[in-house]
Amino acid sequence: MKKTLRYNFRLNPTPEQEARLIEFGATARGIWNLLLSETIRRYEYDKTFLFYKDMASLIKELKVFEEFSWIKAFDSAAAQQVARDLETALKNAFSKGRLQRFPKHKVSYKRKKLYNDSFRAVNNSNCIRIENGAISIPKVGKVPIILHRDLVSQIKTVTVQYRHGKWECSITQEAECKAAKKRLTSITGFDINSKQTVVGSNGFVADNPKFLKQSKEKLSHLQRQLARRKKGSNRWHKTKQRINKLHGKISRQRLNFAHQVSRQITNETDILVFEDLNVKAMQQFNGSMVADNVMGLITQLAKYKAELEGKLYHEIGRFEKSTGICSECDKNHVLSLSERYFTCTQCSTDQSRDLSAAKSIAKTGELDLIAAGIVARVNPTSQQKSAIKTKVFELSKLAEGSEKKEAA
Ligand SMILES: [Zn+2]
């Protein structure tokens, strides 16, 4: 099975290259708007859509005219990519169950006082490659790149964008997953509580980091400052710029933290069980989850990391009660939000609220996976027996079969 990976890297373009990148971003936006207007016009005329093929030939036809020389100056594969992206956006917008509305025209950065443009180059016959600390981008040249991690395979596409005051590129690659592990020797449930701390049934704990809280306090300070300043004034712009930079810092800090936590928990266990956060958010987070979704990011990253390593990721999706269940005797307790510890009224063991919730999630996950016929409990080998309470599972033939089918 193959998985598409996406990593962001910092670019350090020369002033000439920077001018090129800004121009290309604007060109991609221009092509998007042009094709979109043309599609809307066609739709109003005879209720049909332009599809990728029509759009690509339209681009070809227009290129010849002098007033469209800006399209000719652009990388043609990147221009076709705009058409592909627009086609996808149209298909999404008009699929069943969505708002039947056209995608939006893209607004110029000058109006938004930000460079929000981006363009995506496609790696045809190895035209995009990284050599001597620079990435070659068609019609731009060799742009210096900070390669903070090695690439795992050939580059598929590169999206270049100016974000939060810095040039970045997002590189997609295709990675081969390891074969599914047949013998899984550990299962861990993870509870994410309202304080946004991740607790594993194996004793793992990751706190919502302090630096994020500090950055957020700084952010709300700057936002209050912005509100006091006269809109459009020099000082207003200065504060706005600082806010933009800080947003960038927070998003990098958050991603970094999520990568670290998800890497650690994926290394430590073979079967990972999480609660469906959408369901959980409805139960207790009251919207705060949506605004600051580090925890959602952790589950997403843990999922793809587990898949890459041939491990199992499972979400328990139903309204399954996990909090306040005794991990020894399954007795149910009603706890208020402030109660972090409780003593079981039935077997009188002392329990930590989060740890017992994580254990109950692991238990539910285990029952789910066995009931679905994905894994079966087997006896541990003598070596594994020495570790206390080791649970060992075997991937069923059924699950292996479905995996093979997916790969084919
Ligand atoms: Zn109990």
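None of the values given here were measured: they were computed from a predicted structure. (Residues numbered from 1 in each chain as written. Predicted model: local features only at pLDDT ≥ 70, side-chain atom pairs only at ≥ 80, totals over all residues. Heavy atoms only, no water.)

A word on the packing of helix α1 (residues 15-46) against helix α4 (residues 76-93). For the pair α1 and α4, the least separation of the axes is 9 Å and the interaxial angle reads 45 degrees. As far as their axial angle goes, α4 and α1 are oblique. Between α1 and α4 lies a crossing whose hand is right-handed. For the pair α1 and α4, contact is made by Ala28, Ile31, Trp32, Leu35, Leu36 and Thr39 and by Ala79, Val82, Ala83, Asp85, Leu86, Ala89 and Leu90, respectively. For the contact of α1 with α4, the class distribution of residues is 11 nonpolar, one polar and one charged. (Axes fitted to C-alpha atoms, helices over the stretch in contact; angles between N-to-C directions. Helix = DSSP H or I, 4+ residues; strand = E, 2+ residues; numbered from the N terminus. Parallel < 35°, antiparallel > 145°, perpendicular 65-115°, else oblique. Left-handed = near helix turned anticlockwise from the far one by under 90°. Contact = heavy atoms within 4.5 Å. Nonpolar A, V, L, I, M, F, W, Y, C, P; charged D, E, K, R; others polar.)

On to the pairing of strand β7 (residues 166-176). Summarising burial for β7: eight of the 11 residues are buried, a large majority. Sheet analysis places strand β1 (residues 2-11) next to β7, joined by nine bridges and oriented antiparallel. Paired with Arg10 across the bridge in β7 is Glu168. As defined by bridge partners, strand β6 (residues 155-163) adjoins β7 across eight bridges and the pair is classed as antiparallel. Across the sheet, residue Tyr162 finds its bridge partner in β7, namely Trp167. Once β6 ends, the chain turns through two residues before running back antiparallel as β7, passing His164 with a positive phi of about 50 degrees. (Buried < 20%, exposed > 50% of the residue type's maximum accessible area, 1.4 Å probe, protein only. Pairing = 2+ DSSP bridges.)

Before going further, it helps to examine the packing of α1 against helix α2 (residues 52-63). Between α1 and α2, the least distance of the axes is 11 Å, while the angle of their chain directions is 115 degrees. Considering the relative orientation of α1 and α2, their crossing is right-handed. Two secondary-structure elements touch here, α1 through Ile31, Leu34, Leu35, Glu38 and Thr39 and α2 through Met55, Leu58, Ile59 and Leu62. Residue composition of the contact of α1 with α2, by class: seven nonpolar, one polar and one charged.

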